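Overview (structure and organization)
In case you want the letters, here they are:
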Amino acid sequence: MAENKKNNTQVPEEEEMEVITLEFDDGEKADCEIMGIFDYNGKDYVALIPDDGTDDVWIYGYEEDEEGAFELIDITDDKLFEAVAKEFESIMQDPEESEE
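Right, let's walk through the structure included here. (Residues numbered from 1 in each chain as written. Predicted model: local features only at pLDDT ≥ 70, side-chain atom pairs only at ≥ 80, totals over all residues. Heavy atoms only, no water.)

**Digging into the sheet that holds strand β4 (residues 58–64)**
Neighbouring strands of a sheet are bound in pairs by backbone hydrogen bonds; such pairs are parallel or else antiparallel. The antiparallel open sheet is built from five strands, whose spatial order is β1-β2-β3-β4-β5. Single-partner strands in this sheet number two, and they are β1 (19–23) and β5 (70–73). Along the sheet, successive strands turn relative to each other by an average axial angle of 50°, direction set aside. The pairing of β1 with strand β2 (residues 29–40) spans five bridges and is classified as antiparallel. In the sheet register, Ile-20 faces β2, and the bridge partner there is Cys-32. The strands that helix α2 (residues 78–92) touches are β2, β3 (43–50) and β4; relative to β2, the one it contacts most, it runs at about 80°. (Pairing = 2+ DSSP bridges. Helix = DSSP H or I, 4+ residues; strand = E, 2+ residues; numbered from the N terminus. Axes fitted to C-alpha atoms, helices over the stretch in contact; angles between N-to-C directions. Contact = heavy atoms within 4.5 Å.)

Below, the structure written as structure tokens:
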């Protein structure tokens, strides 16, 4: 009977991260994993993890058209960027930490 249970056990597959390549104005490129898309004040933003060996997270504005093509938009307003970054941090905060 124990053998039966063992054979029916399924190991969940790891979800593969989607990777995009950003190309900057100076021609430099960076591969980034898409961490997630989130909303702040009715607009979408995306959090990216660059494949550069750091713990950095890059945040951009995010717009998607009806066909599924998307555009990343630089957040040039410092106050808006700070507010969006704070929203991202609150989303990523461990729920147990927020209860303390």
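**Regarding the pairing of β1**
It is a general feature of regular strands that their side chains alternate between the two faces of the sheet. By the alternation rule, side chains of β1 split into Ile-20 and Leu-22, which are all buried, and Val-19, Thr-21 and Glu-23, of which none is buried. The antiparallel pairing of β1 with β2 creates a hairpin that spans five residues between the two strands, and Gly-27 there sits at a positive phi of about 90°. (Buried < 20%, exposed > 50% of the residue type's maximum accessible area, 1.4 Å probe, protein only.)

**Describing the packing of aromatic side chains**
Counted according to the given criterion, the structure contains four aromatic pairs. An aromatic cluster is present here, built from Phe-38, Tyr-45 and Phe-88 joined pairwise through their rings. (Phe/Tyr/Trp six-rings, centres within 6.5 Å; stacked < 30°, edge-to-face > 60°.)

**A closer look at the nonpolar core**
Note on soluble globular proteins: their nonpolar side chains tend to be buried together. Counting residues in each nonpolar core, the largest one holds nine residues, listed as Phe-38, Tyr-40, Tyr-45, Ala-47, Ile-59, Ile-75, Val-84, Ala-85 and Phe-88. Taken together, the elements giving at least two residues each to this core come down to β2, β3 and α2. The next biggest cluster of nonpolar side chains, apart from the first, holds eight residues, and it includes Ile-20, Cys-32, Ile-34 and Val-46. (Core = buried A, V, L, I, M, F, W, Y, C linked by side-chain atoms within 4.5 Å.)

**Considering a nonpolar patch on the surface**
A cluster of nonpolar side chains, Met-35, Val-57, Ile-91 and Met-92, forms an exposed patch at the surface whose accessible area comes to about 320 Å². By secondary structure assignment, the location of Val-57 is in the loop between β3 and β4. (Patch = residues over 30% accessible without salt bridge, like charges linked within 9 Å, V, L, I, M, F, W, Y side chains within 5 Å. Areas by Shrake-Rupley, 256 points an atom, 1.4 Å probe, with all protein chains shown as cover. Salt bridge = Lys/Arg side-chain N within 4 Å of Asp/Glu carboxyl O.)

**So, a negative patch on the surface**
On the surface, Asp-39, Asp-44, Glu-63, Glu-64, Asp-65, Glu-66, Glu-67 and Glu-71 cluster together into a negatively charged patch. Note that Glu-63 resides in strand β4. On the accessibility criterion, Glu-63 (48% relative accessible area) is partly exposed. (Lys, Arg positive; Asp, Glu negative; His and termini not counted. Charge placed at Lys NZ, Arg CZ, Asp CG, Glu CD.)

Just distances and angles here, no functional claims.
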